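# Geometric and topological summary
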Amino acid sequence: MSRTEAPPLPEPLRVPVADSHTHLDMQDGTVEEGLARAAAVNVTTVIQVGCDVKGSRWAAETAAAHASVYAAVALHPNEAPRIVHGDPDGWSRQGAREGGGTAALHEALAEIDALAALDHVRGVGETGLDYFRTGPEGMAAQEESFRAHIEIAKRHGKALVIHDREAHADVLRILADAGAPERTVFHCYSGDADMARICADAGYFMSFAGNMTFKNAQPLRDALAVAPVELVLVETDAPFLTPAPYRGRPNAPYLIPVTLRAMAAVKGMDEDTLASAIADNTARAFDY
């Protein structure tokens, strides 16, 4: 089986659900094709997430053009230091860049702020902290950007969508210090069961992706097991994190049923009951 070949369509869900976090702009084929494949398995809504100014503009335009798409807009935690300090290696999709300092960061944040005011933009994210790819020299820019996004989300009454990679304690500290928005979503939840209890106490949504199906992901399954069902979401983060048994092949919203069924097994729940809860939770989280 080719690693580049798209996995087959799974058995459709009986209850329609949403993919709470996807990147259609990074997937093969047209948006229309991707949405049609998703709808064929009863994934009827997707949240299209921006990672930089250009991607956030695209997310907003795509949501405006498709009734089944809502947008989230932000500068990804790895994008903020690149704007400030430059990106000589061209890590992002924009290629090599010179640093523009904090003035450039504030200019980019102003654009995100303007996009966040749009009706079909229902989230501010993905924002947060990422200590995996950004070293100590980028932490100040990440934190400044994260705090600005929290403020934007609160001012516009939008959900905050958090990217938290190897930075759990600092993400939780900043949320507590700045005051989390009314609706806060930990995208691709990556903490353990203890952190899930902290998130539950704070009323934060936890969105689980295909990596919860991986062999080495027992801590994620333990977290899901203790997460209150009314705070659980499902996502693809496509084209990344394709669920087992298709790990390493391209991910897309139509694979949500694979992850949802694995989640139902962990929760000891009937698939339809979990799907109904997740559908309600996602609509509540993103206010649609």
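Described below are features of the structure shown in this document.

Thresholds applied
- Residues numbered from 1 in each chain as written.
- Predicted model: local features only at pLDDT ≥ 70, side-chain atom pairs only at ≥ 80, totals over all residues.
- Heavy atoms only, no water.
- Helix = DSSP H or I, 4+ residues; strand = E, 2+ residues; numbered from the N terminus.
- Expected span 1.5 Å × (residues − 1).
- Buried < 20%, exposed > 50% of the residue type's maximum accessible area, 1.4 Å probe, protein only.
- Contact = heavy atoms within 4.5 Å.
- Arc of directions from axis to C-beta.
- Core = buried A, V, L, I, M, F, W, Y, C linked by side-chain atoms within 4.5 Å.
- Salt bridge = Lys/Arg side-chain N within 4 Å of Asp/Glu carboxyl O.

This next bit is on the environment of G157. Examined against the element boundaries, G157 turns out to sit in the loop between α5 (139-156) and β7 (159-165). Sequence spacing of G157 and V41 is 116 residues, and the spatial spacing of their C-alpha atoms is 31 Å.

Moving on to helix α9 (residues 256-267). The terminal C-alpha atoms of α9 lie 16 Å apart, and with twelve residues this matches the ideal 16 Å at 1.5 Å per residue to within 8%. Within α9, the full set of buried residues consists of I256, P257, V258, T259, L260, M263, A264 and K267. Turning to α9, the residues buried within the fold contact β1 (17-22), β2 (43-49), β9 (205-208), α8 (218-226), β10 (232-234) and α10 (271-286).

Taking 1.5 Å of rise per residue, 16 residues should cover 22 Å, and helix α4 (residues 101-116) covers 23 Å from first to last C-alpha, within 8% of that figure. Every buried residue belonging to α4 is among L105, A108, L109, I112, L115 and A116, and all of these are buried. End-on, the buried residues of α4 take up no more than an arc of 110 degrees, which puts them together on one face. In α4, those exposed residues whose orientation departs by more than 90 degrees from the buried face are A103, E107 and A114. On the buried face of α4, the contacting elements are α2 (53-65), β3 (69-73), α3 (79-85), β6 (121-130) and α5.

What follows concerns the nonpolar core. F146, L175, F186, Y189 and M263 are the most contacted members of the largest nonpolar core, which has 83 residues in total. Of the residues forming this core, the biggest block, six residues, is contributed by α4. In contact with L175, other than residues within four places in its own chain, are F146, I150, L160, I162, A180, T184, F186 and Y204.

Right, let's talk about the pattern of salt bridges for a bit. One side chain can pair with another of opposite charge once the charged atoms of both are near each other. Throughout the structure, instances matching the rule amount to twelve salt bridges. We note a salt bridge from E143 to R173, for which the minimum N-O separation is 3.6 Å. With E143 in helix α5 and R173 in helix α6 (residues 168-178), this pair connects stretches of sequence that are 30 residues apart. For R173, a relative accessible area of 40% gives the class partly exposed. Between R173 and D170 there is a salt bridge, with its nearest N and O atoms 3.5 Å apart. Here R173 and its partner D170 are both found in helix α6, three residues apart, which amounts to about one turn of the helix. On the basis of relative accessibility, which here comes to 24%, the residue D170 falls in the partly exposed class. Here the salt bridges do not stand alone but share partners, grouping E143, R147, D170, R173 and D177 into one network.

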